[in-house]
Amino acid sequence: MSSVAEALALGFGAGPICVAYCGPVLLPWLGAEPRDLATTGRLLAIFLGGRLAGYLAFAVVVWAAGLAIPLDLRTRALVFGLANFGLAALLGFSAWFPRRHRAKAPDERPTRLYQIGAADRFRPPAALTLGFLTGLNLCPPFVAAGVRAAATHSLPGALAFFALFFAGTSVWFLPSLAVSPLRRFSALPVVARMTMAALSIYYAYLGVVSVASWRLASGQAGDLVISITGMVLHA
Amino acid sequence: MPDRARSIALAPPRGIGRSLLLTVPVALFTLLLFTPVLRQPGRPAKLAALIAWIFMMVLFFLMMRTRETYRWRRIFFITLGFLFPVGFIWDLIALRSSMSIPMERMISGDTPFCFMVLPMTLIPAALKKTIIFPGSILPTPSNPHSIAMMVALWLLATIILGKAWCSYGCFFGGLDEGFSSIAKKARLRKINPKWRLAPWAILVAIVLLSAATFEPTYCMWLCPFKAVTEFPQVRSTQTALQFGIFIALFLGLVVVLPFLTKRRTQCAFFCPFGAFQSIFSRTSIFDIRIDKEKCGAGCLLCQNNCPTLAIDQEAIRAGKTLSSCMRCGACVDVCRKNAAVWHIKGTPVGVKPERARLLYLYAAWTFASMFGGSIIASSLQKLIGLVF
Amino acid sequence: MKRLTATLGYAVAALTIAVAVVGPMFWFGVFSRAAAKTSLRIDPEYTGGEPARTIARDGYQIVVYKPVLKRAPLSPTASFVQIVWKPVSALPAAISEPIDLDGDGRPDCVVSFQASRDPHAELRVTVKPLTALVQPMNEVGKDSFSSLIARVNDTIVVRVPLR
């Protein structure tokens, strides 16, 4: 029980950092296609689910590789770089090709919910993909939580700790639902799409820097525990 | 500005005596505020302060005499825009022989605070009570432009001017306005009005990124005016890239596009601080209204002459300018039917607009003389010092 | 009602003029004093943080600061510890000192640089890690806020990046 409380408390404490980290991706995307509160809430839940999937995927790979601490600096740089390129591409795509709303023909199959762009072309489920790519980027509190979770010495225990930590951070994302009432401003989607276009350039640059550091890094095992755990404790 | 007929010409110029009488209050107000500047030691300082004061008072007199605002305000604003970098760069060269900011200055808190940083500091300050800027909270001998001083100045300006800061206070906007005034006719006329929303997108992007990086993103990557003030020392690929972006943005947004479009393109289509100030556009008691009955069919002279596209047909139908209106007065001066008028909130539209204009200018010009006038005086002092 | 709103409007307009005239005379002092009383401070990425302990040497001091951790998830500035040598005038020509950064009694790195008296001389620092806490630095100048050597007034400031 104390582990449950610990995981939740750690998560709640680290929440603002996670929101600061995800904000540049999540908020403009929510604003670009404003919807009612219930739909925005579902989209947020899917985004957070994708984010959790990203973290868990990383954690499972690390566990399966038998490592007690996260990947070395060099490999992390490559993963982050590729994730940032993915974010840049998706943000840019969403900015330039917004979802088109059109009347359905009577015999048309229902459109897939939460897709970007017209339903007659395959589009990746945006909320899930954005969340997953953000999760792959390894927000530092999650690295620390992953290390803590690894100390439980069992995969289900580690995943449960991780998930509870995640739940603690997710509370801080609830204010992003405030984007929904702002849809009464007709300028919001235009501003949001322009913001995504600008941010896609920035994430592309981050991707270039990360991949460049992957090429240049000396491959030393990264001992992130001290500084990152400290960052979580001081957050 | 494109050729325009002056509706103000419909009314005869005000008499010289009456114009002088109306100038007296502002002259007294500003003399009070200018006294410390006039008391500075040395002949160049006194002479510069006197010239600056006379300059401001002559312009105000002409505003009263001709009943026009835009033309005379523009002269002041362009003068401020071009003289500010002169004085600023002069001080940098005198102090350290370079326009670049060395790391030593940043880590010792000697970087002067710029008002553009303000929106980016809010979230980090709320989260961790820290200011993400390498300056000092309070003034020091080596850095009088502290964060507290500049925030105080911004607050005062916002109370007095609201969004009119962009027409009477911003020492960067004058450059934009200057280059937009060169050509007689616009070479690029068609501008998609959606670009008016770009400053908001830049504002949202830099606020979110500053919260995620704890660095002032706009200053690090996007400020065009780093080209004429100070910039981080170029000592790596990244800083070289940043410097290149500053130069490109300055040339594109501040020089070339204003010249081609005769609009204040940097202010209207890029500046995130302008978007931030738009939030306070409605807090000022002064605004510009459009009397729909007088406007009638709509010649759209106001729309075509607005430097920042703050009037469109929707605004005309609503009877007021958009929140991006900088209160420059171009639309009022150009309206042939006196439909676009100065207005004080709470009062009837179109009733005694000249009184509203007068009260507005008393507030705005007093601030402009205190702030912009002292910057002009300071830069003039350096130039005069060359001669004497 | 219309008369009331008009009167209020003119009153606020007059007040605005009064603020424009009188405000600059005392507003800046009032605001500065209020700002000084808040708990706001400049971000430690720029200031280097707070001093943790002082080590006395022969004629000079070494001040080791508390670690400044990575400020935000996307911050390009790594965690670092600032170390200050002062006064410059009392420093030997060459410095090569083992420094304990985390206060556990064991040195974490060896910091080496030439302490030139010439204020315009370029400074370079080499840091050899003795524990896993510290990242190495090889003839570094002013790379970034987390990795630098600089002369500030009569002190030499070194920032050592942490892992």
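Model, not experiment: these values are computed from the prediction. Each chain has its residues counted from 1, running along the sequence as written. Each chain takes a letter, starting from A, and each ligand takes a number, starting from 1, following the order in which they are written. This being a predicted model, a pLDDT of at least 70 is required before a residue's local features are given, and a value of 80 or more before pairs of side-chain atoms are given or counted; all residues contribute to the totals for chains, interfaces and linings.

1. Examining the overall build of chain C
When helices and strands are counted, chain C shows 2 helices and 11 strands. Order of helices (α) and strands (β) in chain C, N terminus to C terminus: α-β-α-β-β-β-β-β-β-β-β-β-β. Seen through its principal axes, chain C has C-alpha atoms that stretch 80 × 35 × 25 Å. A residue is called partly exposed when the number of other C-beta atoms within 10 Å of its own lies between 12 and 20, exposed at 12 or fewer, and buried at 20 or more, with C-beta atoms placed from the backbone. Per-residue burial over chain C gives 37% buried out of 163 residues. Here the analysis covers contacts within chain C between residues at least 6 apart in sequence; of these, 44% occur between residues at least 24 apart. Here a helix means four or more residues in a row that DSSP labels H or I, a strand means two or more in a row labelled E, and each is numbered from the N terminus. We call two residues in contact when the distance between their C-beta atoms, placed using the backbone, is within 7 Å.

2. A closer look at the overall build of chain B
Looking only at helices and strands, chain B has 18 helices and 5 strands in total. For a compact globule the rule gives 2.2 Å times the number of residues to the power 0.38, and the radius of gyration it is set against comes from C-alpha atoms. The globule rule puts the C-alpha radius of gyration for 388 residues at 21 Å, and the 21 Å found for chain B is close to it. In terms of overall dimensions, chain B has C-alpha extents of about 60 × 50 × 40 Å along its principal axes. A buried classification covers 56% of the 388 residues belonging to chain B. Sequence separation of at least 24 residues holds for 76% of the intrachain contacts in chain B that already meet a minimum separation of 6.

3. Some thoughts on the domain arrangement of chain B
Residue and element names in this part refer to chain B. As annotated, the domain borders come from an automatic or database domain assignment. Partitioning chain B into domains gives domain 1 (9-98 + 352-388) and domain 2 (285-351). On a C-alpha basis, the centres of domain 1 and domain 2 stand 27 Å from each other. On the domain 2 side, the residues contacting the 10 residues of domain 1 number 12 residues. Sorting the residues of the side of domain 1 that touches domain 2 by element identifies helix 3 (70-96) and helix 18 (353-387) as the ones contributing at least two each.

4. Some points on the packing of helix 18 of chain B against helix 1 (residues 2-37) of chain C
Helix-helix packing: each pair is described by the crossing angle between the helix axes and the interaxial distance. Put simply, helix 18 of chain B and helix 1 of chain C touch, their axes get as near as 8 Å, and they point 15° apart. One finds that helix 18 of chain B runs roughly parallel with respect to helix 1 of chain C. Taken as a pair, helix 18 of chain B and helix 1 of chain C cross one another with a handedness that is left-handed. Listed contacts from helix 1 of chain C to B:L359, B:Y362, B:A363, B:T366, B:F367 and B:M370 of helix 18 of chain B are C:A13, C:T16, C:I17, C:A20, C:V21 and C:P24. Axis angles are defined between N-to-C directions and span 0 to 180 degrees, where every axis is a line fitted to C-alpha atoms and, for a helix, only to the segment in contact. Each angle gets one of four labels, with under 35 degrees taken as roughly parallel, over 145 as roughly antiparallel, 65 to 115 as roughly perpendicular, and the rest as oblique. Here a crossing is called left-handed whenever its near helix is offset anticlockwise from the far helix by less than a right angle, and right-handed whenever the offset is clockwise.

5. Examining the sheet that holds strand 10 (residues 147-152) of chain C
Residues and elements named next belong to chain C. Taking strand neighbours across the sheet as the criterion, the 6 strands line up as 2-3-4-11-10-9 in an open arrangement whose pairing is antiparallel. Where the open sheet ends on each side, the last strands, each with one partner, are strand 2 (51-56) and strand 9 (142-144). Within the sheet, the average angular offset between the axes of one strand and its neighbour, ignoring direction, is 25°. We treat two strands as partners when DSSP finds at least two bridges between them. Alignment of strand 10 against strand 11 (residues 155-161), held across 5 bridges, turns out to be antiparallel. Within strand 11, the residue paired with A150 across the bridge is V157.

6. Remarks on the interface of chain B and chain C
Counting from both sides, the interface comprises 42 residues of chain B and, opposite them, 41 residues of chain C. The residue makeup of the side of chain B that touches chain C, split by class, is 28 nonpolar, 9 polar and 5 charged. Sheet topology places strand 2 (residues 130-131) of chain B next to strand 1 (residues 41-42) of chain C; 2 bridges connect them, and they run parallel. Bridging across to strand 1 of chain C, B:I131 finds its partner in C:I42. Put simply, Ala, Val, Leu, Ile, Met, Phe, Trp, Tyr, Cys and Pro go in the nonpolar bin, Asp, Glu, Lys and Arg in the charged bin, and everything else, Gly too, in the polar bin.

7. Some thoughts on the sheet that holds strand 5 (residues 94-99) of chain C
Residue and element names in this part refer to chain C. Spatially, the 4 strands line up as an open sheet ordered 5-6-7-8, and their pairing is antiparallel. In this open sheet, the two strands that pair with only one neighbour each are strand 5 and strand 8 (137-140). Pairs of neighbouring strands in the sheet enclose a mean axial angle of 10°, with direction left out of account. Strand direction decides the pairing type here: strand 6 (residues 109-114) and strand 7 (residues 125-129), joined by 5 bridges, are antiparallel. Paired with C109 across the bridge in strand 7 is P129.

8. Here's the deal with the nonpolar core
Counting 191 residues, the largest nonpolar core has B:A201, B:C331, B:A364 and B:F367 as its most contacted members. Dropping the residues within four chain positions of it, B:A201 is found in contact with A:V191, A:M194, A:T195 and A:A198. A set of buried residues qualifies as a nonpolar core if it consists of Ala, Val, Leu, Ile, Met, Phe, Trp, Tyr and Cys joined through C-beta atoms within 7 Å. In terms of nonpolar packing, the next biggest core, distinct from the first, is built from 34 residues, B:I101, C:I83, C:L133 and C:M137 among them.

9. Quick look at the domain arrangement of chain C
Here chain C is partitioned into domain 1 (1-40) and domain 2 (46-161). The distance between the C-alpha centroids of domain 1 of chain C and domain 2 of chain C comes to 47 Å.

10. Quick look at the pairing of strand 5 (residues 340-344) of chain B
All names here are of chain B. For strand 5, the buried fraction is high: 5 of the 5 residues fall into the buried class. Where burial is concerned, the two faces of strand 5 agree: the one with A340, W342 and I344 and the one with V341 and H343 are both buried. Of the strand pairs in this sheet, strand 4 (residues 286-290) and strand 5 are connected by 5 bridges, and their pairing is antiparallel. If you follow D287 over to strand 5, its bridge partner there is H343.

11. Some details on unusual backbone geometry
The linkage connecting C:K86 with the following residue, C:P87, adopts the cis geometry, with an omega of -10°. Locating C:P87 in the fold gives a position in the loop between strand 4 (80-86) and strand 5. Its identity as a non-glycine residue notwithstanding, B:K129 has a phi of 55°, on the positive side. Among the structural elements, B:K129 can be located in the loop between helix 5 (118-128) and strand 2. Phi is positive for C:E139, close to 50°, though the residue is something other than glycine. Mapped onto the secondary structure, C:E139 falls in strand 8. Take C:E139: there are 10 C-beta atoms within 10 Å of it, and that puts it in the exposed class.

12. Comments concerning the environment of B:F367
Counting through the fold element by element, B:F367 comes out in helix 18. Sequence separation of B:F367 and B:W195 is 172 residues, and the distance between their C-alpha atoms is 31 Å.

13. Focus on the packing of helix 3 of chain B against helix 18 of chain B
Residues and elements named next belong to chain B. Helix 18 packs onto helix 3 with a crossing angle of 50° between their chain directions and a minimal axis gap of 8 Å. For the element pair helix 3 / helix 18, the angle class is oblique. Like other packed secondary-structure pairs, helix 3 and helix 18 cross with a definite hand, here left-handed. Along the contact surface, helix 3 presents F76, T79, L80, L83, F84, V86, G87 and W90, while helix 18 presents A368, G372, I375, I376, S378, S379 and K382. In terms of residue class, the contact of helix 3 with helix 18 is built from 9 nonpolar, 5 polar and 1 charged.

14. Regarding helix 1 (residues 16-38) of chain B
Between its first and last C-alpha atoms helix 1 of chain B spans 27 Å; for 23 residues at 1.5 Å apiece the expected length is 33 Å, and the helix comes up short by more than 12%. One axis fitted to the seven residues ending at a residue, another fitted to the seven starting there: the angle between these axes is the bend at that residue. Of all the bends in helix 1 of chain B, the largest measures some 40° and sits at B:L32, one to four residues before the proline B:P36. Within the sequence span of helix 1 of chain B, burial applies to B:T23, B:V26, B:F29, B:T30, B:L33, B:F34 and B:V37. Of the surrounding elements, those touching the buried residues of helix 1 of chain B are helix 2 (43-66) and helix 18 of chain B together with helix 1 of chain C. Between the first and last residue of a helix there are one fewer steps than residues, each counted as 1.5 Å, and that sum is the expected span.

15. Some points on the environment of B:S108
Tracing the sequence through the fold places B:S108 in the loop between helix 4 (103-107) and helix 5. Between the C-alpha atom of B:S108 and that of B:P272, which follows or precedes it by 164 residues, the distance is 28 Å.

16. What about the pairing of strand 11 of chain C?
Residues and elements named next belong to chain C. The buried count for strand 11 comes to 6 of 7 residues, which makes it a mostly enclosed element. Sheet analysis places strand 4 next to strand 11, joined by 6 bridges and oriented antiparallel. Residue pairing across strands places V84 opposite V157, the latter belonging to strand 11. Here strand 10 folds back onto strand 11 in antiparallel fashion, the turn holding 2 residues, of which N153 has a positive phi close to 55°.

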